[in-house]
Amino acid sequence: MAEMTREQVIEVLKNDGKGAKFDGKDLTGLNLREIDFTGVSFVGANLTLVNLCEAQLVGANLERAYLNRVFLRRADLTSANLLECLLVHSNVMSAVLRKANLSGKADLKNADLTFTDFTGSVLNGADFRGAFFQHIRLDDCIYDGMTQWGEYVPESLSSEEID
């Protein structure tokens, strides 16, 4: 059960702006669609089943956040910190994650990443096993031997690059 309502979240944003902190908050199941969370902190927050479609999360801190089964269609997470976050079974279709940090075992297992743009992101140690990768962009990404791609290797990576 969420600790706050959509209206309370919007009120915090009005009062605190980019300095707003939802660290450790349980926001499970809220509809936060199309809200501007630019620069906001969600460290360790529970965002399971939250609708963040078309939300602005530019530069947001989502370190160790629980984003399982979250809806991020067309959300902008440019330069967001997703270090060690959980995005298992999430819908990230057409989202922008340019220059995002998904390192340190960020878990994207079974996520739908269709048309997602990861250009310039750090993916060291991220787990993409079972994720759906159709038409994603991985230009200039940084990844290492700990990054787990699973059985499906994105078209934009050659097998030589991941060995």
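The shown structure was predicted, so the numbers you read here are calculated from the model rather than taken from an experiment.

Digging into the overall build of the protein
For the protein, the helix and strand inventory stands at two helices and zero strands. Taken over C-alpha atoms, the radius of gyration comes to 15 Å for the protein, in line with the 15 Å a tight globule of 163 residues would show. Summarising the internal contacts of the protein: among those between residues at least 6 apart in sequence, 7% fall at separations of at least 24. Accessible surface for the protein amounts to roughly 7800 Å². Of this, 48% is attributable to carbon and sulfur atoms.

Observations concerning the environment of Phe-133
Here Phe-133 is to be found in the loop between α1 (6-16) and α2 (159-162). Once the C-alpha coordinates of Phe-133 and Trp-149 are considered, the two residues, 16 residues apart in sequence, prove to be 9.9 Å apart.

Some words on the confidence of the model for the protein
Averaged over the protein, the pLDDT score is 92; the fraction of residues at 70 or greater is 93%. Counted against residues more than four places away or in other chains, residues 158-163, with its pLDDT under 50, gives five contacts.

Quick notes on the environment of Ser-79
Here Ser-79 is to be found in the loop between α1 and α2. Separated by 61 residues in the primary sequence, Ser-79 and Asp-140 place their C-alpha atoms 14 Å from one another.

Some words on the packing of aromatic side chains
Scanning the entire structure with this criterion turns up eight aromatic pairs. Here Phe-22 and Phe-37 contribute two aromatic rings whose centre-to-centre distance is 6.4 Å and whose plane-to-plane angle is 85°, an arrangement assigned as edge-to-face. With Phe-22 in the loop between α1 and α2 and Phe-37 in the loop between α1 and α2, the pair connects residues that are 15 residues apart, well separated along the chain. No difference in accessibility class separates Phe-22 from Phe-37, as the two residues are buried. Three or more aromatic residues joined by ring pairs form one cluster here, namely Phe-118, Phe-128, Phe-133, Tyr-143 and Trp-149.

Reading the values: the criteria
Residues numbered from 1 in each chain as written. Predicted model: local features only at pLDDT ≥ 70, side-chain atom pairs only at ≥ 80, totals over all residues. Heavy atoms only, no water. Helix = DSSP H or I, 4+ residues; strand = E, 2+ residues; numbered from the N terminus. Rg over C-alpha atoms; globule rule 2.2 N^0.38 Å. Contact = heavy atoms within 4.5 Å. Areas by Shrake-Rupley, 256 points an atom, 1.4 Å probe, with all protein chains shown as cover. pLDDT = per-residue confidence, 0-100. Phe/Tyr/Trp six-rings, centres within 6.5 Å; stacked < 30°, edge-to-face > 60°. Buried < 20%, exposed > 50% of the residue type's maximum accessible area, 1.4 Å probe, protein only.

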